[in-house]
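Working through the structure, step by step
Now for the letters of each chain:
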Amino acid sequence: NASMDIYKLDLAKSGLLAALLGIKGSGSVDASAVIEGDYSNPSTMNGHAGINFKKLALDQQTIKGFSFPPVSISETVFELDIKGGKAVIKKGSIGKTDNTSDDLQATLSGDITLASELEASQLNLQSRFKLSQNIMKSFVLIDTFFAAGKQPDGSYTVEITGPLYSPMPKAVQK
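What follows is about a nonpolar patch on the surface. A cluster of nonpolar side chains, contributed by Leu 16, Leu 20 and Leu 21, occupies part of the molecular surface with about 310 Å² of accessible area. Along the chain, Leu 20 falls in helix α2 (residues 16-21). Accessibility expressed as a relative area gives 64% for Leu 20, which makes it exposed.

See the structure below:
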């Protein structure tokens, strides 16, 4: 069994983004989780978890050979419930739909079937996302890769399946 609470952790001062993801940026994070069960037998796991990033600002940088422009996201919220080895996303949002200064606006829903090796957990996710012009200019092939999922408002819809270690996004019309 495990429980955790984090309140207003400064991502820049803590070095968490750099240590866990290898990226430079700032913002704050609140997180909480209560999970019960045997981690080696995911079907016994139950609980809930949530994470909320505020004022996330990623510096201009190169990640895995790709040059990323600065990225600003006002708020990111993920909440999930875990029951019988399945994590169901109750709320998944990146940025706010009414905030034009967010470089990424997205929703995420679906579930993850947990495996004893976390990275082998199976994804069954749906997302709708919209990128700022700044991001679109830096990644001109986004429109090509996700053209099949482009919506009239300029956003894209995708389904994400496969194992956590190798997710497979597929553009879809909704």
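Our focus in this paragraph is the sheet that holds strand β2 (residues 25-36). Spatially, 9 strands are ordered β1-β2-β3-β6-β7-β8-β9-β10-β11 in an open sheet, and the strand pairing comes out antiparallel. Each end of this open sheet is capped by a strand with a single partner; those strands are β1 (2-10) and β11 (168-171). Neighbour-to-neighbour, the strand axes of this sheet turn through a mean angle of 10 degrees, independent of strand direction. Both β2 and strand β3 (residues 46-58) contribute to a ladder of 11 bridges, which runs antiparallel. Bridging from a neighbouring strand, Glu 36 pairs with Asn 46 of β3.

This brings us to the pairing of strand β6 (residues 71-83). Regular strands place their side chains on alternate faces of the sheet. Across 12 bridges, the pairing between β3 and β6 is antiparallel. The partner of Gly 50 across the bridge, within β6, is Glu 79. Judged from the 8 bridges that link them, β6 and strand β7 (residues 86-94) form a sheet pairing that is antiparallel. Residue pairing for β7: Ile 82 is matched across the bridge by Ala 87. Counted along the chain from β6 to the antiparallel partner β7, the turn is 2 residues long, and its residue Gly 84 has a positive phi close to 60 degrees.

Quick look at the layout of surface pockets now. Taken as a whole, the second largest pocket encloses approximately 170 Å³ of empty space. In terms of lining residues, the second largest pocket is bounded by Thr 100, Asp 102, Asp 103, Gln 105, Lys 130, Leu 131, Ser 132, Gln 133, Met 136, Lys 150, Gly 154 and Tyr 156. Those elements that place two or more of their residues in the lining of the second largest pocket are β9 (122-131) and α3 (133-138). Along the lines of polarity and charge, the residues of the lining of the second largest pocket split into 3 nonpolar, 5 polar and 4 charged.

Definitions and cut-offs
- Residues numbered from 1 in each chain as written.
- Predicted model: local features only at pLDDT ≥ 70, side-chain atom pairs only at ≥ 80, totals over all residues.
- Heavy atoms only, no water.
- Patch = residues over 30% accessible without salt bridge, like charges linked within 9 Å, V, L, I, M, F, W, Y side chains within 5 Å.
- Areas by Shrake-Rupley, 256 points an atom, 1.4 Å probe, with all protein chains shown as cover.
- Salt bridge = Lys/Arg side-chain N within 4 Å of Asp/Glu carboxyl O.
- Helix = DSSP H or I, 4+ residues; strand = E, 2+ residues; numbered from the N terminus.
- Buried < 20%, exposed > 50% of the residue type's maximum accessible area, 1.4 Å probe, protein only.
- Pairing = 2+ DSSP bridges.
- Axes fitted to C-alpha atoms, helices over the stretch in contact; angles between N-to-C directions.
- 1 Å grid on protein atoms, 1.4 Å probe; cavity = no way out; pocket = protein on both sides within 12 Å on 5 of 7 lines; lining within 4 Å.
- Points joined across faces, edges and corners; volume = space filled by probe spheres on them.
- Nonpolar A, V, L, I, M, F, W, Y, C, P; charged D, E, K, R; others polar.

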